Amino acid sequence: MLESSKVIICIGTGGVGKTTTAAALGYMAAKAGRHVCVVTIDPAKRLADAMGISELNNTPRKIQTSSDLDLWAVMLDPNSTFDELVQKFATSPEQVEKIFHNSIYHNLTENLSGTQEYMAMEKLHELASDSRFDLLVVDTPPARNAIEFLNAPKRLIGFLENRVFKLLISPTQSIFRPVTLATRILLRTISKVVGAQVVSDAVEFFQAFEGMEAGFKERAAEVQNLLAQDTTSFVLVTGTHKDTIDEALYFASRLDEFDLAVDLVISNRVTPAFGEIESDPQPETPKELMENLDFLVRLRSAELTQLSRLSDVISGDRHILVPLLPHDIGSLGEIQEIGELMVDSASTYVNSVSP
Amino acid sequence: MPRTASVGPKVHKPAVFDLFSQRVLVIVGKGGTGRTTVARILADIGTTAGKRVAVIAGTSGTYNLAKEDPLLSFSSLEPGEVLISYLNEHGLGQLGKRLSSTGLASIISTAIPGIADLLVLAKIKQMEKSEAADLIIFDAPASGHFLRLIATPKGLADIAAAGPLKKQSQEVLEMLADPKRLGVAFVTIAEETPVKESIETMEQLKRTSGIEPRVLFLNSMLPSLDKNGGENDILGLDPHSPVYRAARYTAARAASQSRFEELAAKAFSLTPVEIPLVPTVELNEGDVAHLADVIRSQIKATP
């Protein structure tokens, strides 16, 4: 996968080490000679510092590595990405101005779920045609449900195509008098419940966006197309807890709807294997240390039982277990360590998935 | 008693957390740190003390409570769903049955950021006022979202000039400002990123809402080895043996754990309540009862 993919998309719920995984995959690919850009969103501070992208910046920066790898990183700024899109699809500078001044537009990226995901895809689309890179590793935004990433274009376009407001601003509205009447009552009620400002902001918003839906739609189709390519790989990232496995299974089951499949599962923070207690030949070992080993063996066994549920969606040789390290991951050296463990574990750990 | 880490945190404010000193306890923490687990255990402690406990999940979805109990109730308040039902109750129901499908709800929540969150807090306030339970445990959304949620009523009190929203905002603000009515509990694990994020959230919460953290739970604490001087114990063992490697692993993790426990304790000015790691990935009733005992010994939960 690291040799032939053009796009690798890391998917998973928050807190499972998605950003670290994306960075580590990027690192290993660059080490194998690829020209890599890691696209990330809101990484933990130390990790961002390690990659040299501590500020929001839509421009990829080269990561300073000791062996001078062709490894770049970009931290996505969803707001300015959206601004760029508006500028691209708007028919006039006046339209751009009107949109930029609308309060609903201002709130969109932060408050409409799916917008950040959409912007991540947009950036992906843009970087895919950047000749400096032959592999993009994408760290998707932290969502409650990983599937949000794939639903994002549909959601935003659905929002822009709101029927009620489309009718309201339509020049032919007089023909649809009855509809308009009902709509007007609806709007009056909205004004009463949540304030008149909301209605006027919304009308202004949809007027300003008039005619741009087509551009967004076309773009979404192109992204969809990019995701469906054979050279695009999906990596599911999980932890060992039940809820992260549940989410991964749910995501995998929904991928079908989009004609996509999981190419690799990476499970982070697995308690390492130390070997069985029986194999320990020293009789005078302190009881406390025996209990410690016993505890870790039981913990690992519980984790493996949980992880084996993933065998329905991925074959064992495509399920990588990354052991939990005794320290946090936050430096380039540690990212490299994780990357090497991933590649190693393809042989060392995989066989032990089924308990 | 839970095993404590090698270097115990310095006690800055020896106040013991009293589970029943507030009617609403909001559980805050980064995703994956075990907010739901803590909510479950505290609910168990509450009902064991004979109190009526209501657990509210900030997201929809499944929620495994420890056991069936007449003293225990559960509901979920997903902001989007709460907004839709609010709009329905206020006269939009008859006009547009398909509020969510027409996208009106999402337009409104984008036009007034936080409206849905405010309505969630308003529902909790309603339960609190009507004394629907002795203790309401709110399993809040992940920390980033939570900060926005808690800042919402303040922002909205100004925006919504009049009408039902303004009243709701003011009443929620009153509840947030009263430590007898509402307290915030933090949950984290003793690792660098989660601890640092918790500290950031806690400081921001103080700054924006004046709310002081009531208690800090440290989840998944690894048992430490060094009560008898673990380092000496492993001398003389075969460095390749499983028992030796396991001991080294635990010692290294415990050292890192106590470093971040200390950092958290200092920043929060609280003695953390430690929840030991259980060698399982899904807690059963017995595990919950065990952890409830462990937590009970570190807090005050007398009827």
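Computed from a predicted model, the values in this text were never measured in an experiment. (Residues numbered from 1 in each chain as written. Chains lettered and ligands numbered in written order. Predicted model: local features only at pLDDT ≥ 70, side-chain atom pairs only at ≥ 80, totals over all residues.)

**Overview of the overall build of chain B**
(1) Moving on: Broken down by element type, chain B carries 10 helices and 7 strands.
(2) Moving on: By residue count, 51% of the 303 residues in chain B fall in the buried class.
(3) Moving on: Of the contacts made within chain B by residues no fewer than 6 positions apart, 75% connect residues no fewer than 24 positions apart. (Helix = DSSP H or I, 4+ residues; strand = E, 2+ residues; numbered from the N terminus. Buried ≥ 20, exposed ≤ 12 C-beta atoms within 10 Å, placed from the backbone. Contact = placed C-beta atoms within 7 Å.)

**With respect to the environment of Ile 41 of chain A**
Residues and elements named next belong to chain A.
(1) Moving on: Locating Ile 41 in the fold gives a position in the loop between strand S2 (36–40) and helix H2 (45–51).
(2) Moving on: Looking at Ile 41, the number of C-beta atoms within 10 Å reads 22, which means it is buried.
(3) Moving on: Separated by 35 residues in the primary sequence, Ile 41 and Leu 76 have C-alpha atoms spaced 5.3 Å apart.
(4) Moving on: What Ile 41 contacts, discounting residues up to four positions off in sequence, is Leu 76, Gln 116, Ala 120, Asp 139 and Pro 141.

**Let's talk about the interface of chain A and chain B**
Accessible area lost during the coming together of the parts is what is often quoted as the interface size.
(1) Moving on: Contacts between the two partners involve 57 residues from chain A and, on the opposite side, 52 residues from chain B.
(2) Moving on: At the level of elements, helix H5 (103–111), helix H7 (148–160), helix H8 (163–169), helix H9 (177–194), helix H10 (196–209) and helix H13 (287–307) of chain A are the ones that each hand at least two residues to the side of chain A that touches chain B.
(3) Moving on: The element that contributes the greatest number of residues to the side of chain A that touches chain B is H13 of chain A, accounting for 12 residues.

**Looking at the packing of helix H4 (residues 115–129) of chain B against helix H6 (residues 164–177) of chain B**
Residues and elements named next belong to chain B.
(1) Moving on: Contact geometry for H4 and H6: axes closest at 9 Å, N-to-C directions at 65°. Note that H4 runs across H6; the crossing there is left-handed. Of the residues in H6, those touching H4 at Leu 118, Leu 121, Ala 122, Lys 125 and Glu 128 are Gln 168, Ser 169, Glu 171, Val 172 and Met 175. (Axes fitted to C-alpha atoms, helices over the stretch in contact; angles between N-to-C directions. Left-handed = near helix turned anticlockwise from the far one by under 90°.)

**Overview of the packing of helix H6 (residues 115–128) of chain A against H7 of chain A**
All names here are of chain A.
(1) Moving on: Where H6 contacts H7, the two axes come as close as 8 Å, and the packing angle between them is 100°. Regarding the angle of H6 to H7, the classification is roughly perpendicular. Residues Thr 115, Glu 117, Tyr 118 and Met 121 of H6 form the contact with H7, whose own contacting residues are Glu 148, Phe 149, Ala 152, Pro 153 and Leu 156.
(2) Moving on: Across the contact of H6 with H7, the residue classes tally to 6 nonpolar, 1 polar and 2 charged. (Parallel < 35°, antiparallel > 145°, perpendicular 65-115°, else oblique. Nonpolar A, V, L, I, M, F, W, Y, C, P; charged D, E, K, R; others polar.)

**Side note on the domain arrangement of chain A**
(1) Moving on: On domain assignment, one finds that chain A holds domain 1 (7–77 + 114–153 + 223–352) and domain 2 (80–113 + 158–215).
(2) Moving on: For the side of domain 1 of chain A that touches domain 2 of chain A, a count of residues per class yields 2 nonpolar, 4 polar and 4 charged. (Domains from an automatic or database assignment.)

**Things to note about the sheet that holds strand S3 (residues 72–76) of chain B**
All names here are of chain B.
(1) Moving on: Sheet architecture is open: 7 strands sit in the order S3-S2-S4-S1-S5-S6-S7, paired in parallel fashion. The open sheet is flanked by S3 and strand S7 (273–276), the only strands paired with a single partner. Along the sheet, successive strands turn relative to each other by an average axial angle of 20°, direction set aside.
(2) Moving on: Here strand S1 (residues 24–28) pairs with strand S4 (residues 135–139) via 4 bridges, running parallel. When the sheet's bridge partners are listed, Val 24 is paired in S4 with Ile 136. (Pairing = 2+ DSSP bridges.)

**Overview of the environment of Thr 48 of chain B**
Residue and element names in this part refer to chain B.
(1) Moving on: Locating Thr 48 in the fold gives a position in helix H1 (residues 35–48).
(2) Moving on: A count of 17 C-beta atoms within 10 Å places Thr 48 in the partly exposed class.
(3) Moving on: In sequence terms Thr 48 and Thr 33 are 15 residues apart; their C-alpha atoms lie 25 Å from each other.

**Considerations on the pairing of strand S6 (residues 213–221) of chain B**
All names here are of chain B.
(1) Moving on: With 8 of 9 residues buried, S6 is to be regarded as a mostly interior element.
(2) Moving on: Alignment of strand S5 (residues 182–189) against S6, held across 6 bridges, turns out to be parallel. The residue bridging Phe 186 from the neighbouring strand is Leu 216, located in S6.
(3) Moving on: As for the winding sense of the linkage, the β-α-β connection from S5 through helix H7 (residues 192–209) to S6 is right-handed.
(4) Moving on: As paired elements, S6 and S7 share 3 bridges and run parallel to each other. (Right-handed = clockwise from strand over helix to strand, strands pointing away.)

**As for unusual backbone geometry**
(1) Moving on: Phi at Asp 68 of chain A takes a positive value of approximately 50°, unusual for a residue other than glycine.
(2) Moving on: For Asp 68 of chain A, the location among the structural elements is in the loop between strand S3 (57–62) and strand S4 (71–75).
(3) Moving on: Take Asp 68 of chain A: there are 9 C-beta atoms within 10 Å of it, and that puts it in the exposed class.
(4) Moving on: The residue Ser 220 of chain B is not glycine, and still its phi comes out positive at about 55°.
(5) Moving on: When you line up the elements, Ser 220 of chain B lands in strand S6.

**Some remarks on the pairing of S1 of chain B**
Residue and element names in this part refer to chain B.
(1) Moving on: Burial analysis of S1 places 5 of its 5 residues in the buried class, the great majority of the element.
(2) Moving on: Burial along S1 is two-sided: Val 24, Val 26 and Val 28 facing one way and Leu 25 and Ile 27 facing the other are all buried.
(3) Moving on: Relative to S5, S1 runs parallel, the two sharing 5 bridges. From the neighbouring strand, Val 26 faces S5, where its bridge partner is Val 184.

**Points about the nonpolar core**
(1) Moving on: Formed by 181 residues in total, the largest nonpolar core has its most connected members in Val 138 of chain A together with Ile 27, Ile 108 and Ile 137 of chain B.
(2) Moving on: The element that contributes the greatest number of residues to this core is helix H9 (residues 242–268) of chain B, accounting for 11 residues.
(3) Moving on: Counting contributing residues per domain, this core is built from domain 1 (7–77 + 114–153 + 223–352) and domain 2 (80–113 + 158–215) of chain A, each supplying no fewer than three.
(4) Moving on: Setting aside anything within four residues of it in sequence, one finds Ile 108 of chain B in contact with Ile 190, Val 194 and Val 198 of chain A together with Leu 83 and Ile 115 of chain B. (Core = buried A, V, L, I, M, F, W, Y, C linked by C-beta atoms within 7 Å.)

**Side note on the environment of Val 273 of chain B**
(1) Moving on: In this structure, Val 273 of chain B sits in strand S7.
(2) Moving on: Distance from Val 273 of chain B to Val 16 of chain B, taken between C-alpha atoms, is 9.4 Å for residues 257 residues apart in sequence.

**Quick notes on the sheet that holds strand S1 (residues 7–11) of chain A**
All names here are of chain A.
(1) Moving on: An order of S3-S4-S2-S5-S1-S6-S7-S8 is seen for the 8 strands of this open sheet, with the pairing classed as mixed. With partners counted over all chains shown, the strands left at the sheet margins are S3 and strand S8 (319–323), one partner each. Each strand axis lies, on average, 20° off the axis of its neighbour in the sheet, ignoring direction.
(2) Moving on: Direction of pairing for S2 relative to strand S5 (residues 135–139): parallel, over a ladder of 4 bridges. Directly across from Val 39, in S5, lies its bridge partner Val 138.

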